[in-house]
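Residue-level structural notes
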2 protein chains.
Amino acid sequence: MKKINIKELAKLVNLSISTVSKAIRDSHEISEQTKNTVLEAAEKFGYAPNPYASSLRKKKSKTIAVILPEVADNFFSLAINGIHSVAELKNYHVLIYLSHEKVELEKNIIAHCCSGRVDGVLISISDETANADHFHKLQNENIPFVFFDREFENFNTTKVITNDFECGYLSAKHLLDRGCSHPVFLSISPSLPICNKRAEGFTAAITEAGIDTGKQDTIIYCTGSQEEIFDQIKKLLHKKNHADGMVASVERLAMQIYMACVESAIRIPEDLKVIAFSTLETAPILNPSLTTITQPAFDIGKTATELLFTMIEASNKTAVKNATVVLPSRLIERNSTLRID
Amino acid sequence: MKKINIKELAKLVNLSISTVSKAIRDSHEISEQTKNTVLEAAEKFGYAPNPYASSLRKKKSKTIAVILPEVADNFFSLAINGIHSVAELKNYHVLIYLSHEKVELEKNIIAHCCSGRVDGVLISISDETANADHFHKLQNENIPFVFFDREFENFNTTKVITNDFECGYLSAKHLLDRGCSHPVFLSISPSLPICNKRAEGFTAAITEAGIDTGKQDTIIYCTGSQEEIFDQIKKLLHKKNHADGMVASVERLAMQIYMACVESAIRIPEDLKVIAFSTLETAPILNPSLTTITQPAFDIGKTATELLFTMIEASNKTAVKNATVVLPSRLIERNSTLRID
C-alpha cells in the first residue's frame, strides 16, 4: 500500500494539519473522539510518521533537564547524584535548573525547556505551585517528564514519590511513644502535596491517640524568609506550655529548630523532642544527634531518571505514562527523641 | 566610505575567511602578527562586523552555564544562590552542570556549552583537572568565562577567589595557639590549586613555629571514594602518637573526621582539635560546634556573575578579561578547637 503523508491524512479527515499532528502526539488539547477519528484514518490509509524526522524531533539534544526548588537541601543533592548515575550511562547531559521555590521562575524554566533544548524533564515542584498549566504545556509539546518527590497531585504523568502519609503517621506515633503529650508538625506550605500528606498522617496518629486539639495548634505553617521562620519558631518556643515535640517537614526547618533552641536555652530532648524529614549527612553528629525520617533520595532520583529514559526511548510514549512508584522512607532513631524518664 | 564585507577583507589580506574571523574575535589560535595585519586592514578598508549578526551571535541564548564539581558542599549551594541573585535581575537562565570531580565530564560539558547554547560560563574546576585545553576551547569560541573559587592557575582570565594561602596559614597558627603540637592538613588533591595554596600557608606557619616534620607527615592526601577516605582517616587516628589537630581543606572531610572520631572514641577537642574550610550551616550545632574558615560563598558567586555580565555585555570583551578579585574568608572560632588546660 502506498503511504500517505500528514497533509493528505489531514485532508481525508477534514482537519487541520496541526490538529492531526497533535492528535497523533496524543496531546491533551485534542478530544478523545477526534484522536480516534485520526488514528483510525491513519491506520486505514497507511499513514506513519516519518521515523527519521520523528527521531530527530525526539532525540536531538541528548540532554535532560532537572527542575528543583533548591540545592541547599541534602535530599536534592543526593537525588541529583542518582539522576547523574543513570544519565552518565546513557551519555546524556544533565541541566539543573533551580526554581528557588518560585512558581514564576518554574514556569519560565519550563518555557525554556520547550524549545528543543531537552529530550525530557524531571521536576520537583516549588512550594508556590498551585496550578498545572505549565505542566500541560510540557505534555502538549510531547516532552516526556516525571515528577520526583514533590509531585503535582491529580496530574496524570509518571511520578516517583515516597510514603509521605505513612511517615507523617510514624513521626507522630514515635513522639507520643517517647513521652510527648503535645507534639506539633511544622509545614512550609499549605499547598505542597508532600507536606500536606505528611501533615495528614501526623494528624491521623494524633487523633487516633485521642489527643484533642484544634488543627491550628498541631499543624503550623512556617512561611516567609529564613529570618521570619526563625523568629516564628522562637515565638513558638517562648509560649507558655509550648509544644514538647516537633516534626520538621523539611530539612532546613530542623536546623532552625536546633538554632532556636540554642538561643532560647531549651534542651533537646529534655524540653523538646525533634524529628525531621531529612537526609542530612550531619544528623548523627549534631548536638544532640537528630532522629530522622530518611528518604531514599538517591534511589528516587535514579528511578525517576530510568523511567524518564523509558519514555524518551519508547516509540509509543504513552506506554509508561502514568506509573506511580512509591519508594519507602525509614525512621532512624537518634538522641533528639530520647525518652526521658 | 563604502564598507567592505569579511569576504572582501579576507581577499585583501590574502587569508581565509575563517582566519580573518578568528583574528577579529581575538582567538588565541591566531598569531599576534596576523591579528595586527587583519585589524589594520579592517580599519584601513572600512570593515566592521555586522552589529546585528554580531549581537545575535553574542547574546542570543539569554542563558549562562555554571560548571561545578558537586552540590553537596554547602559552599556551592550558597555560591549558586549568589549567581542566581544576579542572573535573575538580568532575566537570564542559569544552567547548572556538575562535573562530579571528573575532568572528562568537565570537558564534555564545556563542549556542550560551545554550541551557542550559552552566552557565558562560570567554572569551579574539578580536582582532577590538570591541563587547560578545554578552557582554551572556550576562549577560542569567544565565550566569556570566569573562574570562581577553584581556578586553573596561570590561566589568563577573570577569576574570583578567596585568600587561600593566608587562611591556610591562619588555620595552622590557630591550632598551635590552642595547644596543638602536631597538626596535620588534609587535602583532597595534589593538583587542585586552592588545596595547594591552603597547604602552603599551613606549612609556612608550621615551619615558622620551628616544628620540624617532613612534608608527608603534615600534608595528607585523602583521595578515592568516600569509604576509602573514611578508612584512611580512621587509620590516621589509630596511629600511635596521632595528630592532635586536623585541618579539613574541604567541608566533606570535616564530616568524615567527626564520624571517624565517634567510631574511634576520640574526643574533640580534648584528643583532637578540628578546623574546617566550610560554610556549613550546621557548624554551630554540631557536637562539638565546629571551628571554620568560612568563605564568602554567596559573594563569590555574585561577584563572579557580575563580572561575567560585564564581559557578556561589553562590546570589547577584552576590557575586563584578566581581573582577579580576592574576597577574604574569616576564621570563626567554636568548640572544636577549644584550648584544654
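Use the structure listed above.
One structure accompanies this document, and this report is about it. (Residues numbered from 1 in each chain as written. Chains lettered and ligands numbered in written order. Predicted model: local features only at pLDDT ≥ 70, side-chain atom pairs only at ≥ 80, totals over all residues.)

Structural notes on the relation of the copies chain B and chain A
After a rotation of 180° and a shift along the axis of 0.1 Å, chain B superposes on chain A with an RMSD of 0.3 Å. When the rotation and shift are considered jointly, the pair of chain copies conforms to a two-fold rotation axis. Comparing interface residues between copies, 100% of those in chain B also sit at the interface in chain A, which points to an isologous, same-surface contact. (Least-squares fit on C-alpha atoms with pLDDT ≥ 70 in both. Contact = placed C-beta atoms within 7 Å.)

Considering the packing of helix α5 (residues 74-89) of chain A against helix α13 (residues 297-313) of chain A
Residues and elements named next belong to chain A. One way to put it is that α5 packs onto α13 with a least axis distance of 7 Å and a crossing angle of 40°. Compared by their axis directions, α5 and α13 come out oblique. The crossing of α5 and α13 is right-handed. Mapping the contact onto sequence places F75, L78, A79, I80, N81, G82, I83, S85, V86 and A87 in α5 and A297, F298, D299, I300, G301, K302, T305, E306 and F309 in α13. Looking at the contact of α5 with α13, its residues break down into eleven nonpolar, five polar and three charged. (Axes fitted to C-alpha atoms, helices over the stretch in contact; angles between N-to-C directions. Helix = DSSP H or I, 4+ residues; strand = E, 2+ residues; numbered from the N terminus. Parallel < 35°, antiparallel > 145°, perpendicular 65-115°, else oblique. Left-handed = near helix turned anticlockwise from the far one by under 90°. Nonpolar A, V, L, I, M, F, W, Y, C, P; charged D, E, K, R; others polar.)

Let's talk about the pairing of strand β10 (residues 291-294) of chain A
Residue and element names in this part refer to chain A. Here three bridges tie strand β9 (residues 273-277) to β10, and the two strands are oriented parallel to one another. Residue A276 lies in a different strand from β10, and its bridge partner there is T292. Of the strand pairs in this sheet, β10 and strand β12 (residues 330-332) are connected by three bridges, and their pairing is antiparallel. Paired with T292 across the two strands is I332, which belongs to β12. (Pairing = 2+ DSSP bridges.)

A few points about the interface of chain B and chain A
Interfaces are often sized by the accessible area lost when the parts come together. Tallying the contact residues gives 22 residues for chain B and 22 residues for chain A. If one sorts the elements of the side of chain B that touches chain A by residue count, strand β2 (residues 93-98) of chain B sits on top with five residues. When its residues are assigned to classes, the side of chain B that touches chain A shows 14 nonpolar, seven polar and one charged.

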